[in-house]
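Results of the structural survey
Listed below, chain by chain, are the residues.
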Amino acid sequence: MAPRGRTFLLPLAAATILVASTIFLFAAAGARWRPADTGLPVPPHAFSAAVPVPVPVTSNTTTSARKELSFLDENGDPDDPASASASASGAARCDPAVRVFMYDMLPEFHFGLLGWSPPSPDSVWPDLSTPPPRYPGGLNQQHSVEYWLTLDLLLSSSSSAPCGAAVRVADSRDADLVFVPFFASLSYNRHSRPVPPEKVARNKALQEKLVRYLTARPEWKRYGGADHVIVAHHPNSLLYARALLSPAVFVLSDFGRYHPRVASLEKDVIAPYKHMAKTFVNDSSGFDDRPTLLYFRGAIYRKQGGSIRQELYYMLKDEKDVYFSFGSVQDHGASKASQGMHSSKFCLNIAGDTPSSNRLFDAIVSHCVPVIISDDIELPYEDALDYSKFSIFVRSSDAVKKGYLMSLISGVSKQQWTMMWKRLKEVDKHFEYQYPSQKDDAVQMIWRALSRRVPAIKLKVHRSSRFSRSDRGHK
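A brief structural summary.

Reading the values: rules and limits
Residues numbered from 1 in each chain as written. Predicted model: local features only at pLDDT ≥ 70, side-chain atom pairs only at ≥ 80, totals over all residues. Heavy atoms only, no water. Core = buried A, V, L, I, M, F, W, Y, C linked by side-chain atoms within 4.5 Å. Buried < 20%, exposed > 50% of the residue type's maximum accessible area, 1.4 Å probe, protein only. Pairing = 2+ DSSP bridges. Helix = DSSP H or I, 4+ residues; strand = E, 2+ residues; numbered from the N terminus. Axes fitted to C-alpha atoms, helices over the stretch in contact; angles between N-to-C directions. Parallel < 35°, antiparallel > 145°, perpendicular 65-115°, else oblique. Contact = heavy atoms within 4.5 Å. Disulfide = S-S within 2.5 Å. Phe/Tyr/Trp six-rings, centres within 6.5 Å; stacked < 30°, edge-to-face > 60°.

Thoughts on the nonpolar core
Phe250, Phe346, Leu348, Leu405 and Trp447 are the most contacted members of the largest nonpolar core, which has 109 residues in total. Within the second largest apolar cluster, six residues are counted, among which are Tyr295, Met341, Ala363 and Cys368.

In structure tokens, the structure reads:
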């Protein structure tokens, strides 16, 4: 061959060898390439024929260890035989949404208000191997939120406790939140007036004692109370202490009687009332099975923002297929309300002395589509739940216009109503208070709502401590 031809072929051969080597290297590296290395989606079985990475075999090396080190799963993560085995056997990993430290406060702040006495001076909590002390009935129950949350934390300490949304920890430094077990609503309902020879009502005395207790604690001093949780669900509970304890996260029914500097949606959590109506179990009563179009039973003459009830009463009381009547818990009021809601398509929830009432939650568990007329209402876990899928909201200014409300309600088709009714049957579990708590019930939903406050608390705490070291150095 001529020298000129050989000169041409030599570079071509070298290029061919280089390309072949490159292809071989990429093929060999393919087994160890992770999908996370790019932002592109990767088919699950793209690397099913991956070549294992050689592992030196020693006397202590097992087959499972070699597999764990050698293979990547479809997400590019090391394959974990132990996890796969646990998954196959049905074992569930408990991963609570929030870790909570709870003070071991004296019984006078919690179960002592229910008449419970500790069996010994060193005892603080009831023995949950037996049924816990019962909460009083009637309207007291609607604000019993702190009772259910406290029980849930106590049970979470047990080795046999079911996996819940919150777990109690023994060291506050390991906690996301610090829970204050004060039954504030019960204290208000039962002890808001002094009983001779008392000069100060027990409710007020307990709040003063609570402030002294908390503000002296190192847990409170650490972050100024920002990570503390206090339940004050009754609108009049914690009246004397709320301003002094306002750095804490409050669990409330609404903000109607709170100054914006004391409580707000940015800092605090709204919890549902405990409903008084019976949950409509196995509800098959659809649109045509509910003869009443619009239902309301309750107090008609109210103060402050509740004056709209009186206006609506005179507008609606004579309308066809509308039930609008006075009612109370006396004379089997809760039972009658249950029957009425179970046979109605729509249930009115109108602002009263405060923006909220348990009537909304009675309607939800009765699967009666709520018609909410309360401009200042705040709703439980609304960041996770779209109420417009199962409720109708009406501005107060529109509701009092002649014919407006009846036209709006009558215009809802059977198909639209049925969609809301089906959604109500799906979400009613979120408004059930239970002990032990169950997946996605009110107790666990509240804990999750509180867990969503944790990042904001940490941000606030971290920002406030930016210059703490330099400030200490110049003192």
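Points about the sheet that holds strand 8 (residues 322-326)
The sheet built from five strands is open, its strands ordered 8-7-9-10-11 with parallel pairing. Among the strands making up the open sheet, the edge pair consists of strand 8 and strand 11 (392-393). Pairing between strand 9 (residues 344-350) and strand 10 (residues 369-373): five bridges, direction parallel. Across the sheet, the residue bridging to Leu348 is Val371, located in strand 10.

Some words on the packing of helix 5 (residues 184-191) against helix 6 (residues 202-215)
Orientation of helix 5 relative to helix 6, taken along the N-to-C sense of each, is 150°, at an axis distance of 8 Å. One element, helix 5, and the other, helix 6, form an angle in the roughly antiparallel class. On helix 6, the residues that touch Ala184, Ser187, Tyr188 and His191 of helix 5 are Arg202, Asn203 and Leu206.

Brief notes about the state of the cysteines
Chemically, a disulfide is nothing more than a covalent bond linking the sulfur atoms of two cysteines. Applying the stated rule across the entire model yields one disulfide. Covalent S-S linkage joins Cys347 and Cys368, the inter-sulfur distance amounting to 2.1 Å. Its torsion about the S-S bond being 105°, the disulfide of Cys347 and Cys368 is classed as right-handed. Of the two residues, Cys347 is situated in strand 9 and Cys368 in the loop between helix 10 (359-366) and strand 10; the sequence distance between them amounts to 21 residues. We classify Cys347 as buried; its relative accessible area is 1%.

Remarks on the packing of aromatic side chains
A ring pair, where both rings are aromatic, is described by two values, the distance of the centres and the angle of the planes. As enumerated under the stated definition, the model contains 23 aromatic pairs in all. Centre to centre, the rings of Phe296 and Phe324 are 4.8 Å apart; their planes meet at 35°, and the pair counts as tilted. Linking Phe296 in strand 7 (residues 292-298) with Phe324 in strand 8, this pair joins segments that are 28 residues apart in sequence. With a relative accessible area of 0%, Phe296 lands in the buried category. Among the aromatic residues, those joined into a cluster by ring pairs are Phe111, Trp125, Tyr135, Tyr147, Trp148, Phe183 and Tyr433.

Some details on unusual backbone geometry
Cis peptide bonds are those with omega within 30 degrees of zero, and the linkage from Pro196 to Pro197 qualifies with 10°. With respect to the helices and strands, the residue Pro197 is situated in the loop between helix 5 and helix 6. In this structure, the amide linkage connecting Tyr435 to the following residue, Pro436, adopts the cis form with an omega of -5°. With a phi angle near 55°, Asn282 is a residue other than glycine that sits in the positive phi range. Along the chain, Asn282 falls in the loop between strand 6 (269-270) and strand 7. Within the chain, Asp440 stands out as a residue other than glycine whose phi angle is a positive 65°.

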